[in-house]
Amino acid sequence: MTQSRSWIPYALILPSVVFLGLLFVVPLVQTLWLAVSDNGTPSLANMTTMVTDLNFGRSVLNTFVLTLAVVPIQIIMALTMGSMVAKMNGGRETILWIWTIPLGISDLAAGMVWLSILQNTGYLNSILFGMGLIERQTAWLTYQTPVALFIGIAIAEIWRGTAIVMIIIVAGLNQVPKEFKEAAEIFGASPWTRFTRITLPLIRPALQSALILRTVLAFEVFAVVYALGGRNFPVLVGEAYNWQNQNQNYGVAAAYAVLIMVISLAATLVYLKAVKVDPERLP
Amino acid sequence: MANIVIENIKKSFGAFQALKGVSLTINDGEFVSLLGPSGCGKTTLLRIIAGLETSTSGDVLIGEKSVIGLPPKDRGLAMVFQNYAVFPHMTVYENVAFGLRMQKADDARVKKQVEKAAGLLHIEPYLDRYPNKLSGGQRQRVAVARALAVEPGVLLMDEPLSNLDALLRLEMRTELKTVLQEAGTTTIYVTHDQTEAMGLSDRIAVVHDGRIEQVGTPVEVYNHPATRFVGGFIGNPPMNFITMPVTNGQVAAGSQQFAVPAQGGEIVLGLRGETVERAQSGQGLDMQVRVAEPMGSHLLLTGSIFGQPARVILPATETVKNGATVGLTLDPKRLTWLSPESGVSYPAAA
Ligand SMILES: Nc1ncnc2c1ncn2[C@@H]1O[C@H](COP(=O)(O)OP(=O)(O)OP(=O)(O)O)[C@@H](O)[C@H]1O
Ligand SMILES: [Mg+2]
């Protein structure tokens, strides 16, 4: 009975496989080919153009530094926020709801929100001026103020992308029965020890998912950066966009796309190894 | 040293009162069982003593010191959780070692204590395994070993043997009793298994509906239950309750007459089924036997006395036919008399 119907699950997932194949694998192969070919013949010309471009080094550096700055802060903030709501009795849902508002806003809109705060005529300058801290409007987002620009972009990214990490972490925390923490407490573990020795190991799967998702998204950062810094702060996706639209050079744009994919895959592999999840050690 | 005094503890969850004023004193080194049906508040009381739950009112003293407001780790106790709470991400060894690690014990002491506790609970073969791969009973023993390994002054156990097979449970019971007695550990042991409570305890506290109905030695609680509930809850078969008419302070049971603590009206006789003897023909208290079941070690009779349901036990050598009427002789020293209105028993005759 069950034997003769073993094709059913395959039949049921077939549409999604076909769908993904058409809309993901085909473009992927096309992009790969575009990146490593020139006028239909295999060539590394696009790669060479990409690597020797003036903005290449800066965009790689910027993307990595931004990712390294933003992702750890987001994870730590999400863990803190998640642990705080876990201790609440009433009002939990409301707080979570407020915290996840940035999730409902598109990248570009988020960039615009922060632009309205940080631009010359923005809220930040108005407040600083109102308090008498600055004499005249100060520019924060220019080529001449790279640190301020970087901090502005990082804050906007953190504001926009922490909610998704928090949702995953809260879900992970909810899976940990309170008895484990209570038992640790009885046997003398301090709050910090309980967090590091009990909670963190038990939310490893959620942590792993959050890290992978957030890092991959961080390497794909674009709209927020574009809204705030334009080309003052080149990042990988931004370069791909420019080669595609400004320069109309699809080959180099494809080379960037492939590079981003390779970096994301590498990061994912690193996480899968570093934050290993052993099903034997889960509740 | 580590005696426990529980003073008028009340606990409400919203509008629901889980504990309605519980007072209990446990002497240093004493083994006290909390015995009661499911949902009566045993775990709640244990969690309040441990400091995992706050009481609505009342006080808990451990070693003469109030511990209300102290975090669990400062109360000097260990606990076995009803659902084990064995850490899934640590090996059995590290689970048992957890309390000692938190006390910063050196490796030699950890090893010695873990091996001792593991040996006692027969879990040495699993020390390197993760709890995920263990059966419920094995996990439960890991939880007990974890608590014993720290050699606590006070040990709280919430149904620690509930998942073991009968044979292993009997063995663990004896071993637990021995080590805890040797170590002089003050123990509160939650169970709803009355034989376990009877066998292990210095004293039993019978809990019912958020209250302690009676505290006493197993023999006291068995022979002279304070209330109808206690008599009905303890013993197998449970105590029989037979309402009888009183005339001039006397109750007549067949040819026997008993002086009772009431002048007239009615009184309830609490009768343990195994305290009766078969009377000479035509004498004694009549029992209409519906079913007679030879159990091997004894003969179990189910039927009615004074028209009220009753179960009694006769020696295996007796034979009784289904539907027969047998006369029973009662032992005046082993009867309990209860008020029909309140269900509370009268003090045992001196
Ligand atoms: N956190 C809680 N919120 C609301 N009600 C609770 C809570 N904890 C326990 N209760 C209620 O309090 C009562 C006593 O619960 P408790 O767990 O102490 O019972 P118990 O005697 O240990 O039962 P069992 O033998 O089934 O373990 C139950 O009716 C339970 O529903
Ligand atoms: Mg319980």
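Residues numbered from 1 in each chain as written. Chains lettered and ligands numbered in written order. Predicted model: local features only at pLDDT ≥ 70, side-chain atom pairs only at ≥ 80, totals over all residues. Heavy atoms only, no water.

Right, let's talk about the sheet that holds strand S7 (residues 154-158) of chain B for a bit. All names here are of chain B. Spatially, the six strands line up as an open sheet ordered S6-S7-S8-S3-S9-S10, and their pairing is mixed. Edge strands, defined here as strands with exactly one partner in the open sheet, are strand S6 (77-80) and strand S10 (211-216). For this sheet the average axis-to-axis angle between neighbouring strands, irrespective of direction, equals 15 degrees. Bridge analysis of S7 against strand S8 (residues 186-191) gives five bridges, and the strand direction is parallel. In the strand pairing of S8, leucine 156 is matched with isoleucine 188. Strand contacts of helix H5 (residues 166-183): strand S3 (31-35), S7 and S8, with the helix running at about 160 degrees to S7, the strand carrying the most contacts. (Pairing = 2+ DSSP bridges. Helix = DSSP H or I, 4+ residues; strand = E, 2+ residues; numbered from the N terminus. Axes fitted to C-alpha atoms, helices over the stretch in contact; angles between N-to-C directions. Contact = heavy atoms within 4.5 Å.)

For the rest of this paragraph, the subject is the sheet that holds strand S11 (residues 240-245) of chain B. All names here are of chain B. Taken in spatial order, the three strands of this open sheet run S11-S14-S20, and their pairing is antiparallel. A single partner strand is all that each edge strand has here, and the edge strands are S11 and strand S20 (335-338). Taking each pair of neighbouring strands and ignoring which way they run, the sheet shows an average axis angle of 30 degrees. Inspection of the sheet shows strand S14 (residues 266-271) paired to S20 by four bridges, in the antiparallel sense. Bridging from a neighbouring strand, glycine 270 pairs with threonine 336 of S20.

Attention shifts here to helix H12 (residues 236-245) of chain A. All names here are of chain A. The element H12 is largely enclosed, with a buried count of seven among its ten residues. All of the buried residues along H12 are Leu236, Val237, Gly238, Glu239, Ala240, Asn242 and Trp243. Contacts from the buried residues of H12 go to helix H2 (45-52), helix H3 (54-86), helix H10 (204-219), helix H11 (223-229) and helix H13 (250-274). (Buried < 20%, exposed > 50% of the residue type's maximum accessible area, 1.4 Å probe, protein only.)

Once that is clear, we can look at the coordination of the magnesium ion (ligand 2). Surrounding the magnesium ion (ligand 2) are the protein donor atoms Thr43 of chain B (OG1) and Gln82 of chain B (OE1), at 1.9 to 2.3 Å. Placement of the pair is threonine 43 of chain B in helix H1 (residues 42-50) and glutamine 82 of chain B in the loop between S6 and helix H2 (92-102), with a sequence separation of 39 residues. (Donors = N, O, S within 2.8 Å, 3.2 Å for Na, K, Ca; no water.)

Here we come to the pattern of salt bridges. Going through the model one piece at a time under the given rule, you end up with 18 salt bridges over all chains. Residue glutamate 239 of chain A is joined to arginine 231 of chain A by a salt bridge in which the shortest nitrogen-to-oxygen separation is 3.3 Å. Residue class for glutamate 239 of chain A comes out buried when judged on its relative accessible area of 2%. Judged by its relative accessible area of 46%, arginine 231 of chain A is partly exposed. Between glutamate 94 of chain B and arginine 101 of chain B there is a salt bridge, with its nearest N and O atoms 2.8 Å apart. (Salt bridge = Lys/Arg side-chain N within 4 Å of Asp/Glu carboxyl O.)

Note on soluble globular proteins: their nonpolar side chains tend to be buried together. One finds Ile169 of chain A together with Ile6, Leu34, Val96, Phe98 and Leu156 of chain B to be the most contacted residues of the largest nonpolar core, which totals 105 residues. If you look at the next biggest cluster of nonpolar residues, it comprises 28 residues, including Ile242, Met244, Leu271 and Leu328 of chain B. (Core = buried A, V, L, I, M, F, W, Y, C linked by side-chain atoms within 4.5 Å.)

Turning next to the interface of chain A and chain B. Between chain A and chain B, the contact holds 21 residues from the first and 25 residues from the second. Buried area between chain A and chain B, summed over both chains or domains, comes out near 2200 Å², and the portion from carbon and sulfur atoms is 67%. The interface formed by chain A and chain B contains one salt bridge. A salt bridge links arginine 47 of chain B to glutamate 182 of chain A; the shortest N-O distance between them is 2.8 Å. Counting residues per element, the ones that place at least two in the side of chain A that touches chain B are helix H8 (178-186) and helix H9 (191-202) of chain A. With eight residues, the top contributor of residues to the side of chain A that touches chain B is H8 of chain A. A class-by-class count of the residues in the side of chain A that touches chain B yields twelve nonpolar, two polar and seven charged. (Buried area = accessible area lost by both parts, 1.4 Å probe. Nonpolar A, V, L, I, M, F, W, Y, C, P; charged D, E, K, R; others polar.)

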